[in-house]
Amino acid sequence: MPKTTRSGFATRAIHVGQEADPLTGSIGVPIYPTSTYLQEELGKNKGYEYSRVSNPTRSRLEVNLAALEGGTSACVFASGMAAINALCARFKSGDHVVCGNDLYGGVPRLFNQMLANYGLEFTYVNTSEPAEVERAIRKNTRMVYIETPTNPLMTLTDLRVVSEICHRKKVELTVDNTFMSPYFQKPIELGADLVVHSTTKFLNGHSDGLGGVIVCTSTGQAEAFAFIQKAAGAILSPFECWLVLRGVKTLAVRMVQHDRNGRAVAEFLSKHKKVKKVFYPGLPDHPQHDLARRQMSGFGSMITFETGSLANAKKLLKAVRVCSLGESLGGVETLISHPATMTHAALGEKGRAAIGITDGMVRISVGIEDVDDLVADLDHALDSV
Ligand SMILES: Cc1ncc(COP(=O)(O)O)c(C=O)c1O
């Protein structure tokens, strides 16, 4: 059975790190719910000593996710935010990070309300303008941190151009690839040094567990993040590692369906008279549609649209029946949310206004239900607007 990193994506998702259990032949990776491991004698063990440091179920997931992103290794954490925190846990007071100004709201919350207290410095720029990234890089800059497409405005950053700037300036480029998953976008191939995910989303895919991963491209990075797992302890439990291992087996087929449904819903919304604007890179009128076609192999299923007012957004969100009102994204079920009061509430009114998040915006993570049911649900809900 082909298990190398040269196999196709779906084969890697199902087989790399997912080999049958050598002890029993179990076709699924076993969950090892253990905190510690029997040692044969002092200094002699089977490679595992304590589960904060390493656990066989976790090791399997880390091998799998590294293979999917095309990295050299990966480290998984208790949530996407724990992974993003680990990125910065390598830095010292006085170090500087350049980041996108339109990120998942929890990221600036972590940076401004926690890490800034430890002396880390953050500059927020529009990373879709590479010149702004270059201008913001200083002598003490350690990392450029980007989401593409962004959450919720679906703005893209040209990863080839920004990675060239970062390499010239000797600054690490980290890309949050949560929205696209490695199925549609491969930041490392485009020059990124690190990839981060909230595995809570498409990688797990079933809205039943939180998690985060950092995919590395060097042994130095791998050692630093393994140390942070051991020293700070925000690791992913064996059961949740197993949920992601099970989820990624269907990542390829899920992403194809998410993309198909996403395109259909975006097209429907873009033609609806009550929808003022649709933010989806797959629509030809998206200002970066050409970049999306070059940089991604699909457009995914994250769509933001403008209803015109908070009152309209409220009416729509109350009227949906198939779409579920809730935080998060990337599950098999369609999740609909209101960025201003949910994912991006922490930015405050001024912060949201500065980047163009309005009270009338609604974000939808299109699931893999029958698309006719989704369109009928949205059509009916838009009647109440
Ligand atoms: C793009 C993106 N990155 C990171 C996170 C944080 O991940 P988690 O909720 O698993 O901590 C989120 C959460 O919504 C997200 O949307």
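Check the entry above for the structure.
These notes cover the structure that comes with them. Since the structure is predicted, the reported quantities are computational estimates derived from the model, not experimental observations. (Residues numbered from 1 in each chain as written. Predicted model: local features only at pLDDT ≥ 70, side-chain atom pairs only at ≥ 80, totals over all residues. Heavy atoms only, no water.)

## Re the site of the ligand
For step 1, the next point in the chain: In the neighbourhood of the ligand, 14 residues make up the surrounding shell, with G80, M81, D176, S198 and T200 lying closest.
For step 2, the next point in the chain: Note that an oxygen atom of the ligand is positioned 2.7 Å from one of the side-chain N or O atoms of T200.
For step 3, the next point in the chain: The separation between an oxygen atom of the ligand and a polar side-chain atom of K201 is 3.0 Å.
For step 4, the next point in the chain: In terms of residue count, the dominant contributor to the shell around the ligand is helix α3 (residues 80-89) (3 residues). (Near = heavy atom within 4 Å. Polar contact = N/O pair within 3.5 Å; in protein donor to acceptor, adjacent residues only side chain to side chain. Helix = DSSP H or I, 4+ residues; strand = E, 2+ residues; numbered from the N terminus.)

## Quick word on the packing of α3 against helix α4 (residues 106-113)
For step 1, the next point in the chain: At a closest axis distance of 11 Å, the pairing of α3 and α4 adopts a crossing angle of 40 degrees. One finds that α3 runs oblique with respect to α4. Between α3 and α4 the crossing geometry is right-handed. Counted together, M81, I84, N85 and C88 of α3 and G106, V107, L110 and F111 of α4 form the full contact between these two elements.
For step 2, the next point in the chain: Its residues placed into classes, the contact of α3 with α4 shows 6 nonpolar, 2 polar and no charged. (Axes fitted to C-alpha atoms, helices over the stretch in contact; angles between N-to-C directions. Parallel < 35°, antiparallel > 145°, perpendicular 65-115°, else oblique. Left-handed = near helix turned anticlockwise from the far one by under 90°. Contact = heavy atoms within 4.5 Å. Nonpolar A, V, L, I, M, F, W, Y, C, P; charged D, E, K, R; others polar.)

## Quick word on the environment of G191
For step 1, the next point in the chain: Relative to the assigned elements, G191 resides in the loop between α7 (181-184) and β6 (194-198).
For step 2, the next point in the chain: Separated by 140 residues in the primary sequence, G191 and G331 have C-alpha atoms spaced 28 Å apart.
For step 3, the next point in the chain: In this structure G191 touches S163 and H167, once residues within four positions along its chain are discounted.

## Observations concerning the nonpolar core
For step 1, the next point in the chain: In this structure, L269, I303 and I336 are the most contacted members of the largest nonpolar core, which totals 64 residues.
For step 2, the next point in the chain: Per-element accounting of this core gives the leading share, 7 residues, to helix α10 (residues 251-271).
For step 3, the next point in the chain: Setting aside chain neighbours within four positions, we find I336 in contact with L316, L317, V320, C323, S324, L325, G326, V362, R363, I364 and L378. (Core = buried A, V, L, I, M, F, W, Y, C linked by side-chain atoms within 4.5 Å. Buried < 20%, exposed > 50% of the residue type's maximum accessible area, 1.4 Å probe, protein only.)

## Description of the pattern of salt bridges
For step 1, the next point in the chain: One pass over the full model with this rule turns up 13 salt bridges.
For step 2, the next point in the chain: A salt bridge links R168 to E164; the shortest N-O distance between them is 3.0 Å. Taken together, the residues span about one helical turn, with R168 and E164 both in helix α6 (residues 159-169) at a distance of 4 residues.
For step 3, the next point in the chain: Across the pair R246 and D208 runs a salt bridge, and its minimum N-O distance is 3.7 Å. Taken together, the residues span a long stretch of sequence, with R246 in helix α9 (residues 238-248) and D208 in the loop between β6 and β7 (212-216) at a distance of 38 residues.
For step 4, the next point in the chain: Here R246 falls in the partly exposed class, since its relative accessible area comes to 42%.
For step 5, the next point in the chain: Using a relative accessible area of 36% as the deciding quantity, one classes D208 as partly exposed.
For step 6, the next point in the chain: Several salt bridges converge on common partners, so that one network encompasses E40, K44 and K46. (Salt bridge = Lys/Arg side-chain N within 4 Å of Asp/Glu carboxyl O.)

Geometry only, nothing functional implied.
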